[in-house]
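If you want the building blocks of each chain, they are given just below.
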Amino acid sequence: MENPGPGSDPSPEGGGATSGVRSPGPLPYEGVWRFTATAVDASVPQARHAVRDLLVRQGVPVSDDLVQGLLLIVSELVTNAVKHAALLSPMLAVEVAVGAEWVRVSVEDNHPYRPTALEADHGQTGGRGLLLVREVTREYGGVCDVEHTASGGKVIWAALPLAPGV
(Lines give C-alpha, C1' and ligand atoms only; values in the text may rest on other atoms or scores of the structure.)
Protein backbone atom coordinates (compact mmCIF):
# COMPACT_ATOMS: atom_id res chain seq x y z
CA MET A 1 0.00 0.00 0.00
CA GLU A 2 1.27 3.48 -0.80
CA ASN A 3 1.69 6.09 1.92
CA PRO A 4 -1.92 7.37 2.19
CA GLY A 5 -1.20 10.60 3.96
CA PRO A 6 -3.40 13.64 3.78
CA GLY A 7 -4.14 14.51 0.18
CA SER A 8 -2.83 11.26 -1.29
CA ASP A 9 -4.62 8.25 -2.72
CA PRO A 10 -3.98 5.17 -0.55
CA SER A 11 -4.72 2.64 -3.24
CA PRO A 12 -2.78 -0.61 -3.57
CA GLU A 13 0.50 -0.26 -5.43
CA GLY A 14 0.13 -1.12 -9.08
CA GLY A 15 -3.62 -1.50 -8.70
CA GLY A 16 -3.28 -5.29 -8.76
CA ALA A 17 -5.79 -5.83 -5.96
CA THR A 18 -8.77 -4.57 -7.94
CA SER A 19 -10.65 -6.81 -10.32
CA GLY A 20 -13.02 -5.94 -13.10
CA VAL A 21 -13.66 -2.53 -14.54
CA ARG A 22 -14.54 0.28 -12.18
CA SER A 23 -17.15 2.74 -13.34
CA PRO A 24 -15.95 6.31 -13.74
CA GLY A 25 -16.48 8.63 -10.81
CA PRO A 26 -16.53 7.96 -7.11
CA LEU A 27 -18.56 5.25 -5.45
CA PRO A 28 -21.54 6.51 -3.40
CA TYR A 29 -19.68 6.16 -0.10
CA GLU A 30 -16.42 7.85 -1.20
CA GLY A 31 -15.56 11.28 0.15
CA VAL A 32 -13.88 13.32 2.84
CA TRP A 33 -15.63 14.57 5.97
CA ARG A 34 -14.06 16.87 8.54
CA PHE A 35 -15.35 18.21 11.82
CA THR A 36 -13.84 20.20 14.64
CA ALA A 37 -14.18 19.75 18.38
CA THR A 38 -12.89 21.37 21.51
CA ALA A 39 -9.92 19.63 23.13
CA VAL A 40 -11.87 18.35 26.14
CA ASP A 41 -12.58 14.84 27.46
CA ALA A 42 -16.18 14.89 26.20
CA SER A 43 -14.90 15.13 22.62
CA VAL A 44 -13.51 11.58 22.74
CA PRO A 45 -16.86 9.73 22.76
CA GLN A 46 -18.42 12.42 20.55
CA ALA A 47 -15.74 11.86 17.89
CA ARG A 48 -16.13 8.09 18.13
CA HIS A 49 -19.91 8.33 17.69
CA ALA A 50 -19.59 10.83 14.82
CA VAL A 51 -17.21 8.53 12.92
CA ARG A 52 -19.40 5.46 13.49
CA ASP A 53 -22.53 7.33 12.43
CA LEU A 54 -20.79 8.68 9.32
CA LEU A 55 -19.69 5.21 8.21
CA VAL A 56 -23.24 3.90 8.64
CA ARG A 57 -24.91 6.92 7.01
CA GLN A 58 -22.62 6.77 3.96
CA GLY A 59 -23.02 3.00 3.61
CA VAL A 60 -19.27 2.34 3.76
CA PRO A 61 -18.73 -1.42 3.32
CA VAL A 62 -16.85 -2.06 6.56
CA SER A 63 -17.04 -5.10 8.80
CA ASP A 64 -18.03 -4.68 12.45
CA ASP A 65 -14.49 -5.74 13.36
CA LEU A 66 -12.94 -3.02 11.19
CA VAL A 67 -15.33 -0.41 12.60
CA GLN A 68 -14.19 -1.35 16.12
CA GLY A 69 -10.56 -0.96 15.07
CA LEU A 70 -11.24 2.45 13.51
CA LEU A 71 -13.14 3.62 16.59
CA LEU A 72 -10.30 2.51 18.86
CA ILE A 73 -7.87 4.49 16.71
CA VAL A 74 -10.11 7.58 16.78
CA SER A 75 -10.45 7.30 20.57
CA GLU A 76 -6.71 7.08 21.09
CA LEU A 77 -5.87 9.93 18.71
CA VAL A 78 -8.48 12.31 20.12
CA THR A 79 -7.48 11.37 23.68
CA ASN A 80 -3.86 12.19 22.86
CA ALA A 81 -4.84 15.58 21.42
CA VAL A 82 -6.95 16.34 24.51
CA LYS A 83 -4.28 15.24 26.99
CA HIS A 84 -1.17 16.57 25.31
CA ALA A 85 -2.10 19.39 22.92
CA ALA A 86 -5.05 21.21 24.50
CA LEU A 87 -2.96 23.91 26.17
CA LEU A 88 -1.59 25.17 22.84
CA SER A 89 -4.43 23.84 20.69
CA PRO A 90 -7.88 24.26 22.26
CA MET A 91 -9.51 22.94 19.07
CA LEU A 92 -8.83 19.75 17.13
CA ALA A 93 -10.07 18.43 13.81
CA VAL A 94 -11.12 14.90 12.97
CA GLU A 95 -11.17 13.84 9.33
CA VAL A 96 -12.56 10.70 7.75
CA ALA A 97 -11.58 10.00 4.15
CA VAL A 98 -13.07 7.02 2.34
CA GLY A 99 -11.86 5.67 -0.98
CA ALA A 100 -13.00 2.71 -3.01
CA GLU A 101 -10.76 0.32 -1.06
CA TRP A 102 -9.63 2.15 2.10
CA VAL A 103 -10.69 4.38 4.95
CA ARG A 104 -8.42 6.91 6.65
CA VAL A 105 -9.04 8.63 9.97
CA SER A 106 -6.91 11.52 11.17
CA VAL A 107 -6.76 13.96 14.03
CA GLU A 108 -5.13 17.36 13.62
CA ASP A 109 -4.13 19.86 16.28
CA ASN A 110 -2.01 23.01 16.36
CA HIS A 111 0.54 21.80 18.90
CA PRO A 112 4.01 21.57 17.30
CA TYR A 113 5.20 18.53 19.28
CA ARG A 114 5.42 15.41 17.12
CA PRO A 115 4.81 12.40 19.39
CA THR A 116 6.40 9.00 19.02
CA ALA A 117 5.06 5.61 20.01
CA LEU A 118 6.42 4.48 23.36
CA GLU A 119 7.42 0.90 23.88
CA ALA A 120 5.45 -1.18 26.34
CA ASP A 121 6.41 -0.46 29.95
CA HIS A 122 4.40 -2.76 32.17
CA GLY A 123 4.95 -0.45 35.13
CA GLN A 124 3.00 2.40 33.50
CA THR A 125 -0.76 2.56 33.19
CA GLY A 126 -0.79 4.96 30.24
CA GLY A 127 1.37 6.49 27.55
CA ARG A 128 1.00 3.73 24.97
CA GLY A 129 -1.78 5.20 22.82
CA LEU A 130 0.31 5.62 19.69
CA LEU A 131 1.82 2.17 20.14
CA LEU A 132 -1.73 0.79 20.26
CA VAL A 133 -2.70 2.79 17.14
CA ARG A 134 0.35 1.48 15.31
CA GLU A 135 -0.36 -2.13 16.30
CA VAL A 136 -4.09 -2.00 15.46
CA THR A 137 -3.28 -0.38 12.12
CA ARG A 138 -0.69 -3.03 11.34
CA GLU A 139 -3.11 -5.82 12.37
CA TYR A 140 -5.59 -4.61 9.74
CA GLY A 141 -2.93 -4.28 7.05
CA GLY A 142 -2.92 -0.49 7.09
CA VAL A 143 -0.42 2.30 7.55
CA CYS A 144 -0.18 5.23 9.95
CA ASP A 145 2.03 8.26 10.38
CA VAL A 146 2.47 11.67 12.00
CA GLU A 147 3.05 14.71 9.79
CA HIS A 148 3.58 18.40 10.38
CA THR A 149 0.95 20.78 9.01
CA ALA A 150 1.65 24.02 7.17
CA SER A 151 0.38 25.94 10.22
CA GLY A 152 3.03 24.36 12.47
CA GLY A 153 0.79 21.76 14.09
CA LYS A 154 0.51 18.08 13.31
CA VAL A 155 -1.86 15.52 11.88
CA ILE A 156 -1.79 11.89 13.00
CA TRP A 157 -3.52 9.48 10.66
CA ALA A 158 -4.20 5.80 10.05
CA ALA A 159 -5.47 4.26 6.83
CA LEU A 160 -6.96 0.77 6.72
CA PRO A 161 -8.11 -1.32 3.78
CA LEU A 162 -11.86 -1.89 3.62
CA ALA A 163 -11.31 -5.58 2.98
CA PRO A 164 -8.60 -7.65 4.70
CA GLY A 165 -5.64 -8.41 2.50
CA VAL A 166 -6.41 -5.63 -0.02
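Look a little higher up for the structure.
Note that the structure is a prediction, hence the values are computed from the model and not measured.

A. Quick look at the overall build of the protein. Helix and strand counts for the protein come out as three helices and five strands. In sequence order, the protein lays out its α and β elements as β-α-α-β-β-α-β-β. Burial statistics for the protein: of 166 residues in total, 42% are counted as buried. Expressed as a percentage of contacts within the protein between residues at least 6 apart in sequence, the contacts between residues at least 24 apart total 67%.

B. Looking closely at the side chain of E108. By the secondary structure assignment, E108 is in strand β3 (residues 102–109). Engagement of the side chain of E108 in a polar contact is seen with the side chain of R34, the distance being 2.8 Å. E108 has contacts with R34, L92, A93, T149, K154 and V155, leaving out every residue within four places of it along the chain.

C. Highlighting the sheet that holds strand β5 (residues 154–161). Pairing is antiparallel across the open sheet formed by five strands, whose spatial order is β1-β2-β3-β5-β4. Strand pairing shows two members of the sheet lacking a second neighbour, β1 (31–38) and β4 (143–148), which therefore form its edges. Across the sheet, the mean angle separating the axes of adjacent strands is 15 degrees when strand polarity is ignored. Relative to strand β2 (residues 91–98), β1 runs antiparallel, the two being bridged by eight bridges. Among the inter-strand pairings, W33 is bridged to a residue of β2, identified as V96.

So, how was this worked out
Residues numbered from 1 in each chain as written. Predicted model: local features only at pLDDT ≥ 70, side-chain atom pairs only at ≥ 80, totals over all residues. Heavy atoms only, no water. Helix = DSSP H or I, 4+ residues; strand = E, 2+ residues; numbered from the N terminus. Buried < 20%, exposed > 50% of the residue type's maximum accessible area, 1.4 Å probe, protein only. Contact = heavy atoms within 4.5 Å. Polar contact = N/O pair within 3.5 Å; in protein donor to acceptor, adjacent residues only side chain to side chain. Pairing = 2+ DSSP bridges. Axes fitted to C-alpha atoms, helices over the stretch in contact; angles between N-to-C directions.

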